[in-house]
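# An overview of the molecular structure
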Amino acid sequence: MLLLNLNIRVLNKWLLCLFVFSIAFERAFPFLPGMSYPKFIGILYVTSLLCNPAYLKLLKQLQIPSIIFIFFLLFLFMNFLNGGIFEYGIGKIDTSFLLNIALVLFLLVHEKMEQYILPKSLIFFFFGYLFLVLAYYLGYYQVGIGGRVRIGAALPNSLAFFGVFAICSSFILSSIYRNRSIFTKLFQVISILMIISLVLATGSRSAFISLVLVFGVFLFCSNTNRFGFVLLGVIFIPIFFLSSAILTERIAVTATEGDLGGRLALILFVTELIYENPLWGIGKLQYDFLAEKYFGNSPSPHNVFLETYLYGGLAAFTAWLAILFKLLRTAFNQYKATGIFNSLILLPPILLMGVSGQIFNNSIVFLVIAVILST
């Protein structure tokens, strides 16, 4: 029985690592229609956990964290308990959001069974993203509207933010494994520079701001040699100018013309709907109907703050703010108590991704949320 339990724990560990590795190219390389690599491996991973007697014992004893309840309430408000249900009924349920909430719970129990496994597993996301970087340098990418780079089904913003999370993963691993060889450190620096070049080539302004904030947190909170960091910055400058023509052009247009990538009309439309329905929201079905009439299609709000208020009203918006407050407090408390910045460095991409895109269907976001909560 002891040998069986040991083997199942090893299987749990390696399936987690494989799952985290696959998240990096979740959107770039789909597995089957309706089934991504992370979803397929995630099913195997969770199944292996439920076959582990030690894990089941912890699961039964677990006191569910308050943030899981808040996430579930947010899911209910956005999918069921909103103003749109009385007129349009229940539409397509956001199952990805629900599965990601469950994923956080499973990950946190695994962390209790094997301490530090979640932050250590991030190294596999870092290596997974390097496969996308390699594909980019080998010419396997597409150039979309405005010259922005994407790979497969991974759109520029998503591809860029995944790169920022990969750099965060590298910094976190540096804090865990301090006694690294010169070769390892050199490989890490070169990898980060290559990732940055891909992030810049996507032309994502929000991801670039997030990247600057991540480096700022790392410089301020870590004990890294300041001269070495300045030297890295000097090396970065030519890479920036070589890779960021699209990005600098988009930033210039935003600064001079106030252009938001064509989203201003959408933001004004969504804001007006929120103003007319400030308490209960309108639900996704009613939004789709009104957007179809106004735009001829139903574009995503591209902003989680607006999306939660629009779909689920004041209650959903309050729940989302409570989640962010919990993450911020956890990260700052960790840094204040221990000087460890692992959680703090993960906050900028979550916040900026929430301002400019979608979060609830992104497995990487919920993985890093689990990493923050595991502290």
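For the structure given in this document, a descriptive report is provided here. The structure displayed is predicted, hence computed values, not measured ones.

### Overview of a nonpolar patch on the surface
A contiguous nonpolar patch, built from Phe127, Phe183 and Phe187 and spanning about 320 Å² of accessible area, is present on the exposed surface. Given the relative accessible area of 33%, phenylalanine 127 is considered partly exposed.

### A short note on the nonpolar core
Among the nonpolar cores identified, the biggest contains 112 residues, and Tyr129, Tyr287 and Ile345 are the most heavily contacted of them. Top contributing element to this core by residue count: helix 15 (residues 304-338), with 13 residues. Dropping the residues within four chain positions of it, tyrosine 129 is found in contact with Ala24, Leu159, Phe162, Gly163, Ala166, Ile195, Leu198 and Val199.

### Some details on the environment of asparagine 277
Mapped onto the elements of the fold, asparagine 277 is located in the loop between helix 13 (264-276) and helix 14 (283-295). Classification of asparagine 277 by relative accessible area gives partly exposed; the value is 25%. Note: C-alpha distance between asparagine 277 and leucine 314 (37 residues apart in sequence) is 9.4 Å.

### Quick look at the packing of helix 8 (residues 156-176) against helix 10 (residues 205-221)
Contact pair helix 8 / helix 10: the axes reach a minimum separation of 9 Å and the direction vectors enclose 10 degrees. In terms of axis orientation, helix 8 runs roughly parallel to helix 10. Note on element contacts: helix 10 touches helix 8 through Ser206, Ala207, Ser210, Leu211, Val214, Phe215 and Phe218, opposite Asn157, Ala160, Phe161, Val164, Ile167, Cys168 and Phe171. The residue makeup of the contact of helix 8 with helix 10, split by class, is 11 nonpolar, 3 polar and no charged.

### Some remarks on the packing of helix 10 against helix 16 (residues 347-356)
At a minimum axis separation of 9 Å, helix 10 and helix 16 run at an interaxial angle of 160 degrees. One element, helix 10, and the other, helix 16, form an angle in the roughly antiparallel class. Considering only the axes of helix 10 and helix 16, their crossing is right-handed. Taking contact as the criterion, the partners of Ser206, Ile209, Ser210, Leu213 and Val214 in helix 10 are, on helix 16, Pro348, Pro349, Leu352 and Ser356. The class makeup of the residues in the contact of helix 10 with helix 16 is 6 nonpolar, 3 polar and no charged.

The rules behind the values
Residues numbered from 1 in each chain as written. Predicted model: local features only at pLDDT ≥ 70, side-chain atom pairs only at ≥ 80, totals over all residues. Heavy atoms only, no water. Patch = residues over 30% accessible without salt bridge, like charges linked within 9 Å, V, L, I, M, F, W, Y side chains within 5 Å. Areas by Shrake-Rupley, 256 points an atom, 1.4 Å probe, with all protein chains shown as cover. Salt bridge = Lys/Arg side-chain N within 4 Å of Asp/Glu carboxyl O. Buried < 20%, exposed > 50% of the residue type's maximum accessible area, 1.4 Å probe, protein only. Core = buried A, V, L, I, M, F, W, Y, C linked by side-chain atoms within 4.5 Å. Helix = DSSP H or I, 4+ residues; strand = E, 2+ residues; numbered from the N terminus. Contact = heavy atoms within 4.5 Å. Axes fitted to C-alpha atoms, helices over the stretch in contact; angles between N-to-C directions. Parallel < 35°, antiparallel > 145°, perpendicular 65-115°, else oblique. Nonpolar A, V, L, I, M, F, W, Y, C, P; charged D, E, K, R; others polar. Left-handed = near helix turned anticlockwise from the far one by under 90°.

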